[in-house]
Amino acid sequence: MSHDTETQLIRLADYRPPEWLVETVHLDVSLHPTQTRVTARLALKRNPKGTVGAPVVLEGDGLTLVRLTIDGTPLAGSSYSATPDRLTLPNPPADDFALEIETLLDPTANTQLMGLYRSSGNYCTQCEPEGFRRITYFPDRPDVLSVYTTRIEADKEEAPVLLSNGNLEKSGPVEDKPGRHYAVWHDPWPKPSYLFALVGGKLAKVADHFVTASGKPVELGIYVEQGKEKLAGYAMDSLKRSMRWDEEKFGREYDLDVFNIVAVSDFNMGAMENKGLNVFNDKYVLASPQTATDGDYAGIEGVIAHEYFHNWTGNRITCRDWFQLCLKEGLTVYRDQEFSADARSRPVKRISDVRVLKAAQFTEDGGPLAHPVRPNAYREINNFYTATVYQKGAELVRMLKTLLGERGFRAGMDLYFQNHDGEAATIEDFLSSFAEATGRNLSQFALWYEQAGTPQLKVSGTYDASAGTYRLDVTQTVPPTPGQSDKQPMVIPLALGLVGPNGADMPLMLGNQPVENGVVEINQAQQSFLFTGLDAAPVPSLNRGFSAPVNVVSDLTQKDRVLLATSDSDPFNRFDAFQGIALDMLKAAAREGRELHVDALSSAAHRLLQDKALDPAFKAQTLSLPGEQEVARELGQNVDPDAIHTARKTLHEALGTTLQAEFTTLYQDLAPEGGFKADAASAGRRALRNLALDYLATTATADGIARALTQFNVADNMTERFAALATLSRHDVPEREQALNAFYNQFQNDPLVIDKWLMLQAQIAAPDTLDRVKGLMTHTAFSLANPNRVRALVGVFAHGNPTQFNRADGAGYDFVADVVLKLDGKNPQVASRLLSSFRSWRQLEPVRRAAAESALRRVAETQGLSVDVADIATRSLA
Ligand code: B3K
Ligand code: ZN
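### Section: the overall build of the protein
Piece 1. Broken down by element type, the protein carries 26 helices and 33 strands.
Piece 2. Over its C-alpha atoms the protein spans a radius of gyration of 28 Å, differing by no more than 12% from the 29 Å that the globule rule assigns to 878 residues.
Piece 3. Seen along its three principal axes, the alpha-carbon backbone of the protein occupies a region of about 90 × 65 × 60 Å.
Piece 4. Looking at the 878 residues of the protein, the share that counts as buried comes to 59%.
Piece 5. Total accessible area computed for the protein in this model is approximately 33400 Å², and 50% of it derives from carbon and sulfur atoms.

What follows is the structure in structure tokens.
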């Protein structure tokens, strides 16, 4: 890792095909805690599409070369050059030859958690995007696809389990080496190096099996630390359901004899889709009712599905280069969202996905780190595994489906799989599959991949009673973003309805044609639509189901929103209308200190709560007030996080007080019956009951706190216990410390639960939280080497505690900057992710803005930064 100024900007426009291909890779890995020996035999072949006479240039990252041979003969020192970062053969002996490279690695010293490293004593790898080059020299780019055979050798005692990609070919004791054993794995599917994986260690296997639609048996294995076997049941069930779903919804079957998942406790992100050998952060595998919340269960289901779905969208069809990352990530997020929507409640899933999109992606898109879904330049690709690539990328796929219809979408997907299986593809390949399948020109749609920024739709309506018409005027603008000042109009599928005074949908006719599927297409800067046949003035219900990732600015009144919140046939817009009423009030209160008049909101809440037809999970989502960061984003400038916090707290208390009787009844009515069930309906009831608990605790009576403490004490599952603890943690009462201590004592041996304990404390909106967080960093439960601990404590403080991270004295910024710098020497990826918490600094009021800027500058000016951190610091300040 070198300093930013020395690193080249890599541009999409400079893409060239690889000069050399690698047809097969034979790896021989002899595991040792500090001296792991890797022999790689690469069958190199000149790419006919490359430059005549090009040298062989292989990437490395911190490698120690031991030996180099060609077709068995050691290479003379003059015929190659090797540095830790590169191996060059200026005059390759032939257009087709076998190069054997021996390197020596120290997995114990690998704190970056990229390449081969150790977690709880076990060996594992992470290669995406550029970790394979930390194992051996290689053309480490996704468009070089090779067939891998991997022999792993290890101490039988230290690593009884040896796994790699593909199918197991042989295993047994190593002759002449007592105590050593080996396994040979072969993966018949050509793949890029980033999908390589290897695991060795003391792991317990949870076994199951699956028979594919065409009758092929598959052995399933989930490997966990010994003693944790009982915690893998939900993950296994999610895996089998994902495998079936992909067959039913996309016609995709699994393609190896085995599918293995390994859960490790030190992992930079959620999980990794290595071919046939997914490696997971154990947070997304391990669950029991006593230790995991409903949210954790949903997370496991979603991530297991996501990684499994990558087998087709990512592995069988991979990316030509890292600019195309959204080709696999956006599409696979879309697929996992749809899977969970089918498995749970579709409207509720949509609401929670949009909440994530707005919180993470809209915020990113509105700040200095904004970039297109397909970026056109990067310094450090690890910094582009973002909400924009993932979540906005998924929205683009969803819009395609809306524009093309269910059948057109499926036909396009089928053609994409048919035409590009086994290839490293591009967004153009993806889009042209849909264009070809449906005959639709998608060139304007492609702008969604090129133009950053959240489009804004300004919408106003005029009703003409005498003509019975309603004219909707729509103006589209895409705000300027770094490097992109002028934008072109995009294609925006706008799902809408016209709601009559009685709350029912009115006819949706343009001229005498009904609007197909209730979707109009916006494709110009300005457009008008004249709806006909209306005998009363309608209230427009816009962007139903959040059909496009845009900001809609309309002239709806509070009364209009109340109508939509209480009677829109589109559940998403009921949610959105309710949130909109709250948001308007919070903005006015935070900005102008305007008083909160809660009547409209509480009567809408009352009607929602009384509506028997509504799913409890939906009610819980709708009645959860917009977050403080959402209010900040909506305010856009001169943000005072304390004012927002106060406004939100006041509104929360006012609603809790007004609806006290109702929430009390609800809390009683929803009391658990029978044992814990993880299904969506049961989770929804718990969510609504916990919401009631939280509102009731705000009512300034001792009752609410006592109720929360009782729930904390008697709960037989983590969802209820944790919700009660979260509620208590938001109040400055003695019960808070009492419960936090009890929780720690009960769960101190379970690091994943301790993360929850750290998280809640990091979020407390009180001036002593910073000291508390600093203190917790020295607690035995904390470790700077473990990404989950760092994210739970420091990550949550920086990203999830707006008042204390943004302390007016700048101490929150200084603290986070210090941790970033300290962490950067160990794990640049986790450090740079933490630094991205500064991304909205320009929106702050002047005092905080200056303090944040100076902390950012201090980071940027530090010598010897990783490229990862230097890149975020530089772009944040630009
Ligand atoms: N593809 C991996 C992410 C790798 C991130 C590298 N910084 C997990 C996923 O999206 O499925
Ligand atoms: Zn992914």
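### Here's the deal with the site of ligand 1
Piece 1. Taken together, 15 residues lie around ligand 1, and E128, E273, E307, N382 and Y390 are the ones closest in.
Piece 2. E273 places a side-chain nitrogen or oxygen 2.8 Å from a nitrogen atom of ligand 1.
Piece 3. Contact distances for ligand 1 include 3.4 Å between a nitrogen atom and a side-chain N or O atom of K328.
Piece 4. Residue composition of the shell around ligand 1, grouped by class: 6 nonpolar, 4 polar and 5 charged.
Piece 5. Viewed by domain, the shell around ligand 1 spans two of them, domain 2 (203-311) and domain 3 (322-450), each represented by three or more residues.

### Remarks on the environment of D429
Piece 1. Counting through the fold element by element, D429 comes out in helix α6 (residues 427-438).
Piece 2. Among all residues touching D429, those that are not within four sequence positions of it are Y416 and H420.
Piece 3. Of note is the side chain of D429, whose polar atom sits 2.9 Å from the backbone nitrogen of T426.

### Overview of the pairing of strand β15 (residues 180-191)
Piece 1. Pairing of strand β12 (residues 146-155) with β15, which is carried by 9 bridges, proceeds in the antiparallel orientation. When the sheet's bridge partners are listed, T149 is paired in β15 with H186.
Piece 2. The pairing of strand β14 (residues 167-173) with β15 spans 6 bridges and is classified as antiparallel. By the bridge assignment, P173 is partnered in β15 with H181.

### With respect to the pattern of salt bridges
Piece 1. Counted according to the given criterion, the structure contains 70 salt bridges.
Piece 2. Where R37 meets E102, a salt bridge forms, and the shortest distance between an N and an O atom there is 2.7 Å. Taken together, the residues R37 in strand β3 (residues 36-46) and E102 in strand β9 (residues 96-105) connect sequence positions 65 residues apart.
Piece 3. On the basis of relative accessible area, R37 is assigned to the partly exposed category, the value being 36%.
Piece 4. In this structure, E153 and R180 form a salt bridge, with 3.3 Å as the shortest nitrogen-oxygen distance.

### Section: the domain arrangement of the protein
Piece 1. The domain boundaries assigned to the protein delineate domain 1 (1-201), domain 2 (203-311), domain 3 (322-450), domain 4 (456-548) and domain 5 (748-878).
Piece 2. Using only C-alpha atoms to locate each centre, domain 1 and domain 4 end up separated by 55 Å.

### Observations concerning the coordination of the zinc ion (ligand 2)
Piece 1. The coordination sphere of the zinc ion (ligand 2) contains the protein donors H306 (NE2), H310 (NE2) and E329 (OE), at a distance range of 1.9 to 2.1 Å.
Piece 2. When the donor residues of the zinc ion (ligand 2) are listed from N- to C-terminus, their spacing reads H-x3-H-x18-E.
Piece 3. Among the residues examined, H310 registers a relative accessible area of 0% and is labelled buried.

### So, the sheet that holds strand β32 (residues 539-542)
Piece 1. Here 3 strands make up an open sheet; going across it, the order is β30-β27-β32 and the pairing antiparallel. Two strands lie at the open edges of the sheet, namely β30 (519-522) and β32, each paired on one side alone. Adjacent strand axes in the sheet meet at a mean angle of 40 degrees when their direction is disregarded.
Piece 2. Of the pairings in the sheet, the one linking strand β27 (residues 492-499) to β30 comprises 4 bridges and is antiparallel in character. In the sheet register, L494 faces β30, and the bridge partner there is V520.
Piece 3. In this fold helix α8 (residues 558-567) packs onto β27 and β32, with an angle of close to 60 degrees to the strand it touches most, β32.

### Some words on the nonpolar core
Piece 1. Judged by nonpolar contacts, the single largest core of 157 residues is most densely connected at L99, V285, F430, F445 and F531.
Piece 2. The element that contributes the greatest number of residues to this core is helix α5 (residues 387-420), accounting for 13 residues.
Piece 3. Once residues lying within four places of it in the same chain are set aside, the contact partners of F430 are L327, L331, V397, L400, M413, Y416 and Y449.
Piece 4. Grouped together as the second largest cluster of nonpolar side chains are 120 residues, V499, L563, F572 and A647 included.

### Some thoughts on the confidence of the model for the protein
Piece 1. Counting all residues, the mean pLDDT for the protein is 97, and 99% of those residues have values of 70 or more.
Piece 2. Contacts of residues 1-5 to residues separated by more than four positions or lying in other chains number 16 contacts, the stretch itself having pLDDT below 50.

### Description of the environment of S193
Piece 1. Structurally, the position occupied by S193 is in the loop between β15 and β16 (198-201).
Piece 2. In this structure, the C-alpha to C-alpha distance between S193 and D642, residues 449 residues apart in sequence, is 48 Å.
Piece 3. Setting aside anything within four residues of it in sequence, one finds S193 in contact with C127, F132, F138, P139, D140, R141, V144 and Y148.

### Some points on the sheet that holds strand β8 (residues 86-89)
Piece 1. Read across the sheet, 3 strands follow the order β4-β8-β7 without closing on themselves; strand pairing throughout is antiparallel. Each of the sheet's edge strands pairs with one partner strand only, and the pair in question is β4 (56-59) and β7 (81-83). Across the sheet, the mean angle from the axis of one strand to that of its neighbour is 5 degrees, orientation sign disregarded.
Piece 2. Sheet topology places β7 next to β8; 3 bridges connect them, and they run antiparallel. Looking at the pairing, A82 lines up with L87 of β8.

### Some details on unusual backbone geometry
Piece 1. A cis amide bond, omega -5 degrees, links E128 with the succeeding residue P129.
Piece 2. Take P129: it is sitting in the loop between β11 (122-126) and β12.
Piece 3. Notably, D71 is not glycine yet its phi reads approximately 45 degrees, a positive angle.
Piece 4. When you line up the elements, D71 lands in the loop between β5 (65-70) and β6 (73-74).
Piece 5. The class for D71 is exposed, based on a relative accessible area of 55%.
Piece 6. In this model, S120 sits at a positive phi of 50 degrees, which is unusual for a non-glycine residue.

### Some thoughts on the side chain of T698
Piece 1. Along the chain, T698 turns up in the loop between α15 (680-696) and α16 (702-714).
Piece 2. You can call T698 buried: its relative accessible area is 10%.
Piece 3. A distance of 2.5 Å separates a polar atom in the side chain of T698 from the backbone oxygen of Y695.
Piece 4. Setting aside chain neighbours within four positions, we find T698 in contact with H652, E653, G656 and H731.

### Some remarks on the packing of α15 against α16
Piece 1. Across the interface, α15 lies against α16 with an axial gap of 8 Å and an inter-helix angle of 140 degrees. Regarding the angle of α15 to α16, the classification is oblique. In contact with R689, N690, L693 and L696 of α15, α16 contributes G704, R707, A708 and Q711.
Piece 2. Taken together, the residues of the contact of α15 with α16 break down into 3 nonpolar, 3 polar and 2 charged.

### Let's talk about helix α3 (residues 325-343)
Piece 1. Relative to the 27 Å expected for 19 residues at 1.5 Å per residue, α3 spans 27 Å between its end C-alpha atoms, a close match to the ideal helical length.
Piece 2. Within α3, 17 of the 19 residues are buried, which leaves the element mostly enclosed by the surrounding structure.

### Details of the pairing of strand β25 (residues 456-464)
Piece 1. Examined bridge by bridge, β25 and strand β26 (residues 469-477) share 9 bridges and lie antiparallel to one another. Across the sheet, K458 pairs through a bridge with T475, a residue of β26.
Piece 2. Count of turn residues in the β25/β26 antiparallel hairpin: 4 residues, of which G468 carries a positive phi of about 65 degrees.
Piece 3. Taken together, the 4 bridges between β25 and strand β33 (residues 551-554) define a ladder with parallel strand orientation. Across the sheet, the residue bridging to K458 is V553, located in β33.

Cut-offs used in this document
- Residues numbered from 1 in each chain as written.
- Chains lettered and ligands numbered in written order.
- Predicted model: local features only at pLDDT ≥ 70, side-chain atom pairs only at ≥ 80, totals over all residues.
- Heavy atoms only, no water.
- Helix = DSSP H or I, 4+ residues; strand = E, 2+ residues; numbered from the N terminus.
- Rg over C-alpha atoms; globule rule 2.2 N^0.38 Å.
- Buried < 20%, exposed > 50% of the residue type's maximum accessible area, 1.4 Å probe, protein only.
- Areas by Shrake-Rupley, 256 points an atom, 1.4 Å probe, with all protein chains shown as cover.
- Near = heavy atom within 4 Å.
- Polar contact = N/O pair within 3.5 Å; in protein donor to acceptor, adjacent residues only side chain to side chain.
- Nonpolar A, V, L, I, M, F, W, Y, C, P; charged D, E, K, R; others polar.
- Domains from an automatic or database assignment.
- Contact = heavy atoms within 4.5 Å.
- Pairing = 2+ DSSP bridges.
- Salt bridge = Lys/Arg side-chain N within 4 Å of Asp/Glu carboxyl O.
- Donors = N, O, S within 2.8 Å, 3.2 Å for Na, K, Ca; no water.
- Axes fitted to C-alpha atoms, helices over the stretch in contact; angles between N-to-C directions.
- Core = buried A, V, L, I, M, F, W, Y, C linked by side-chain atoms within 4.5 Å.
- pLDDT = per-residue confidence, 0-100.
- Parallel < 35°, antiparallel > 145°, perpendicular 65-115°, else oblique.
- Expected span 1.5 Å × (residues − 1).

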